[in-house]
Amino acid sequence: MKLVSNLLLLVCFTGFLVGCGGASDAPVTYPVSGKVTLDGEPLPEGDIIFRDVAGKAASAAGKVENGEYSLQATAGKKSVVITATKEIPGKTVVGGAPDEPPVPAVEQYLPAEYNEKTTLEADVSDAGSNEFTFELKSK
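The structure displayed is predicted, hence computed values, not measured ones.

K.L.:
Even after reading the chapter, I still don't get the overall build of the chain, so can you show me in this structure?
P.N.:
Scanning the chain for helices and strands turns up 1 helix and 10 strands. When the elements of the chain are put in sequence order from the N terminus, they spell out α-β-β-β-β-β-β-β-β-β-β. Scored against the burial criterion, the 139 residues of the chain give a buried share of 26%. Long-range pairs, those at least 24 residues apart, make up 62% of the contacts in the chain with a sequence separation of at least 6. Taken as a whole, the chain presents about 9700 Å² of accessible surface, with 57% of it coming from carbon and sulfur.

This is the structure:
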């Protein structure tokens, strides 16, 4: 009887290990990094998004700080969106709640070809460095 109990315990424990160590449903992602310049200077701050051109994988996003970014993205061809905003001097907008004070208004200062109507692309590989530099021009 003790042998049967030990065997049953071993089978349950093996099932537990297989159940906990199985393959994940999460997509495989790869490190992506690089530089973003505007008119030859590092972009001080902004946001960067890698969107799957085929629309099959989730987008990947990261922050641009001092002209550098890093994020995790799935492999494949990506449409790249870069945004950066600045305050509009002397202009405010209403805050989120009725009792909140107005906040400074901001505007997108990068041309639409880098965000709303992006022409930027990158091909994230499952092998390789996945380092991309984007040299933006203000005009």
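Having seen the model, we can carry on.
K.L.:
Please clarify how the pairing of strand E6 (residues 76-83) should be interpreted in this entry.
P.N.:
Across a regular strand the side chains alternate sides, sitting on one face of the sheet and then on the other. Inspection of the sheet shows strand E3 (residues 45-52) paired to E6 by 6 bridges, in the antiparallel sense. Looking at the pairing, Asp47 lines up with Thr83 of E6.

K.L.:
Please clarify how the packing of aromatic side chains should be interpreted in this entry.
P.N.:
Ring pairs (aromatic) are described by centroid distance and by the angle formed between their planes. A full pass over the atoms with the stated rule returns 4 aromatic pairs. Seen from their ring centres, Phe50 and Phe132 are 6.1 Å apart, and the 50° between their planes marks the pair as tilted. Placement of Phe50 in strand E3 and of Phe132 in strand E10 (residues 131-136) is noted, with a sequence separation of 82 residues between them. For Phe50, a relative accessible area of 1% corresponds to the buried category.

K.L.:
Is there a simple way to think about the side chain of Asn130 in this case?
P.N.:
By secondary structure assignment, the location of Asn130 is in the loop between strand E9 (120-124) and E10. Judged by relative accessible area, Asn130 falls into the buried class, the value being 6%. Separated by 2.8 Å, the side chain of Asn130 and the backbone oxygen of Ser125 make a polar contact.

What counts, and where the lines are drawn
Residues numbered from 1 in each chain as written. Predicted model: local features only at pLDDT ≥ 70, side-chain atom pairs only at ≥ 80, totals over all residues. Heavy atoms only, no water. Helix = DSSP H or I, 4+ residues; strand = E, 2+ residues; numbered from the N terminus. Buried < 20%, exposed > 50% of the residue type's maximum accessible area, 1.4 Å probe, protein only. Contact = heavy atoms within 4.5 Å. Areas by Shrake-Rupley, 256 points an atom, 1.4 Å probe, with all protein chains shown as cover. Pairing = 2+ DSSP bridges. Phe/Tyr/Trp six-rings, centres within 6.5 Å; stacked < 30°, edge-to-face > 60°. Polar contact = N/O pair within 3.5 Å; in protein donor to acceptor, adjacent residues only side chain to side chain.

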